[in-house]
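# Structural description and commentary
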Amino acid sequence: MFEFLFKYPLSTFRQGTFIFLAGWPLWLMGLGVIVAAGGLGFLIWRQSSGTARMGVIRRVSVWILQTALAALLLFLIWHPALSVSTLKPQQNIVAVVIDDSTSMTTNDESSTRKEAAEKVLNGGLLKALQEKFQVRLYRMSDHAERIDKLEQLTANATATHIGESLKQVAADASSLPIGAMILLSDGADNSGGVDLETLSEIRRQRIPVHTIGLGRETMSHDVEISNVDVASRTLPESRLGATVSFHQHGYTGQKAKITLREGSKVVASQEVTLKAEGTEQVETVLFNAGTAGVKTLEAAIDPYPNEENPRNNRVTRLVNVDPRKPRILYMEGEPRWEFKFLKRAVEDDKTLDVATILRTAPNKLYRQGVCRPGDTAHPQVNGKCTEMEDGFPTKVEDLFAFDGIIFGSLDAPYLTKNQQDTVKQFVDRRGGGVLFLGGKDSLSDGGWAKSSAADILPTTLPERKNTYSFAGADVELTPEGRDSLITRIEEDPNKNVERWKKLPYIRTFQDPGDPKLGAVVLANFIPREGGGAKRPLLVTMNYGRGRTAIFATGGSWRWQMLQPVADMSHEMFYRQLLRWVVSDTPRHITGSTPKTLLADESHVKLRADVRDKTYLPASDAIVEAHITGDGIGQEVVNMTPEPLEQGVYGADWTAPQAGSYIVEVVAKRGSEEIGRDTFTFRREDGIAENFHVEQNRELLEKLSTETGGSYYKPADAQKLGKDINYSQAGITVRETRDLWDMPAIFLLFLGIRAAEWLLRRRWGVI
């Protein structure tokens, strides 16, 4: 339709420059329009001044139409045209790039995409191109490779990198007159799309990329896992949640089963109901991380019998179950039941190391869990342990040796100003976790609102005393607490809410104030007497590199005392809460990689964040990555400082083959070791092409639009024989295309005259 109205295809207008061939100045045309408008206005006003049926609005309408007609005639007299750059026949090269990945074997109704590409080229397009230009054929995978004939296409490449392939072809333009590119693909790119650098390089060389989209844009019957989000590092026996994101077509309302496996062992499964077609559905499946070691976790959705692509129903992730034993310092201001039952709740958890300081009298302390075996920093003197013998640590390095802190019923002035500042830095700089419990000398009643550590609290504490009440209160989970792993006593979220409602009421509660911006309330308490409104009970917040929480009660011990001995609700809650406090606390050196799973990729970026004894960035360290994997033994890679991040070191490495790799990062200052950390990643080949097999039309259209090309469906691809002539790359010649005889101009002329005639007829003034 566009070509019928405007004489030339849209690509001609995109590539061309609008000009006037008459050679007269444009101001003269503008002056002519003004003179015509003035003359017509005078005539219309004079002829209609005595006619009652031609009011002001009618005269203005006629004047506008006649002026528009005069302007159109002047426009045609100036001889409008397009100046276009066209490729010289037989002197330019057209690069035809054909997707040769395994996604091209996908069957779309009557044929595969590979067969559809061959049909387009053999259906006349290739012959039409060869009559005018030299044609170079390329097959595309993770790179572009020159081929001589279509029979060399195999459709067995395991990855598609469109940007990298086009960049290779564009590089040939520096020595060859490449006038245009034609890309035949389904747009299923495994590298994340075409980056701006590649687009800029192609635009700089003015090479138009014409794309021919192959394949269906929507599958008829398919379930695809788009992502699985799970913690890459955790503590042994921790409960984790694997967040599985997926979408489906053709199975709305049906049941599906999500299964988590570690090797051949099923660690968890969950049945879900599929939601609306094409929408992203997110489900969380809980599982136990198990013992220490690197775990390969596979999340899968059982395929349906008629599913078109069951290969995209499985995704693999790595979980590093860290064997370290985080250490927590619990400072309690007075002997009380909460102290006893909290210790009892976690004493059988072999993954947590809790050291306690209990103030039994104003100047008397009782320490437990101090001076661990092998502790060279605090050796025993005459059989006596010296660690924290004077109470809460005063040195930064002593406090930073812990991963988490619990403050019980302890007033803030018990700590010096320097110790309060150190607690703040423990969270902000060290990245540790701090838990504040309710008590008669805690929070506002303990003066924490005016302490140096007030900023790290997840709530703004009330500006008053007597916030601690010795009265009963029921506990209710919030929507956030319903799904949180901290408060998950029952596997099913709905049953978990009911389980919390059935817990014995807490005997004491404390008003923690209002949550700060960014804080999350997981549970509220509701006073049983006095008609008080619900207030936050359990509040968490991230602060700096660490995290803090308030559990505003000293009476949760009743959950253990008033329930059967076999009930583990109290133990589970405190273990999960304390694991949250310390599980993400970094060491002196933290190693990582942006991708723990390389899907048909070999390049990996290694990263290490190095901190000294006081957890300040160490920019003068010597950092090495010791990489162990199948078939390589051990390889040592030197890591260099990142220029824009203090204390951060990086290195690029290539995984030579598929398999799992373990990286131990070691940092030293001279001969002194700062620390070491271990992380893992895995390379898997032949899986990337199993996902996103629908045609990515959005990417193909963007690629063609950004480079001055056009997008075509296979049925319209033969038009390329004409459209491809217009290009500013290669060896070109400027040509003009007349616009005065376009059908659209003739129709516009008739439309203006017809509009005036119809108006005059309606007004009865013809």
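Everything in this summary refers to the structure shown in the same document. Since this is a predicted model, take the numbers as computed values, not measurements.

Criteria and thresholds
- Residues numbered from 1 in each chain as written.
- Predicted model: local features only at pLDDT ≥ 70, side-chain atom pairs only at ≥ 80, totals over all residues.
- Heavy atoms only, no water.
- Phe/Tyr/Trp six-rings, centres within 6.5 Å; stacked < 30°, edge-to-face > 60°.
- Helix = DSSP H or I, 4+ residues; strand = E, 2+ residues; numbered from the N terminus.
- Pairing = 2+ DSSP bridges.
- Contact = heavy atoms within 4.5 Å.
- Axes fitted to C-alpha atoms, helices over the stretch in contact; angles between N-to-C directions.
- Patch = residues over 30% accessible without salt bridge, like charges linked within 9 Å, V, L, I, M, F, W, Y side chains within 5 Å.
- Areas by Shrake-Rupley, 256 points an atom, 1.4 Å probe, with all protein chains shown as cover.
- Salt bridge = Lys/Arg side-chain N within 4 Å of Asp/Glu carboxyl O.
- Buried < 20%, exposed > 50% of the residue type's maximum accessible area, 1.4 Å probe, protein only.

This next bit is on the packing of aromatic side chains. Scanning the model with the defined rule gives 27 aromatic pairs in all. Ring geometry for Tyr251 versus Tyr304: centroids 4.2 Å apart, planes at 10 degrees, classification stacked. Pair noted here: Tyr251 is in the loop between β12 (239-249) and β13 (255-262) and Tyr304 is in the loop between β16 (293-301) and β17 (314-321), with a separation of 53 residues, a long-range link. Among the aromatic residues, ring-to-ring pairing joins Trp500, Phe551, Trp559, Phe573 and Tyr574 into one connected group.

This next bit is on the sheet that holds strand β9 (residues 209-213). Strand order in the open sheet formed by six strands is β7-β6-β3-β8-β9-β39, and the pairing between neighbours is mixed. Of all the strands in the sheet, just β7 (144-147) and β39 (711-712) have a single pairing partner and so form its edges. In this structure, strand β3 (residues 93-99) lies alongside strand β8 (residues 178-185), joined through six bridges in parallel fashion. The residue bridging Val96 from the neighbouring strand is Ile182, located in β8. The strands that helix α15 (residues 697-707) touches are β8, β9 and β39; relative to β9, the one it contacts most, it runs at about 160 degrees.

Right, let's get into a nonpolar patch on the surface. Together, Trp24, Trp27, Leu28, Leu31, Val35 and Ile77 give the surface a local cluster of nonpolar side chains, amounting to about 640 Å² of exposed area. Element by element, the count of residues in the nonpolar patch is highest for helix α3 (residues 26-48), at four residues. Here Leu31 lies in helix α3. For Leu31, a relative accessible area of 40% corresponds to the partly exposed category.

A separate point is the side chain of Thr102. Positionally, Thr102 belongs in the loop between β3 and β4 (107-108). Leave out the neighbours within four places in its chain, and Thr102 touches Ala155, Asn156, Ala157 and Glu689.

All we've got here are geometric facts, nothing functional implied.
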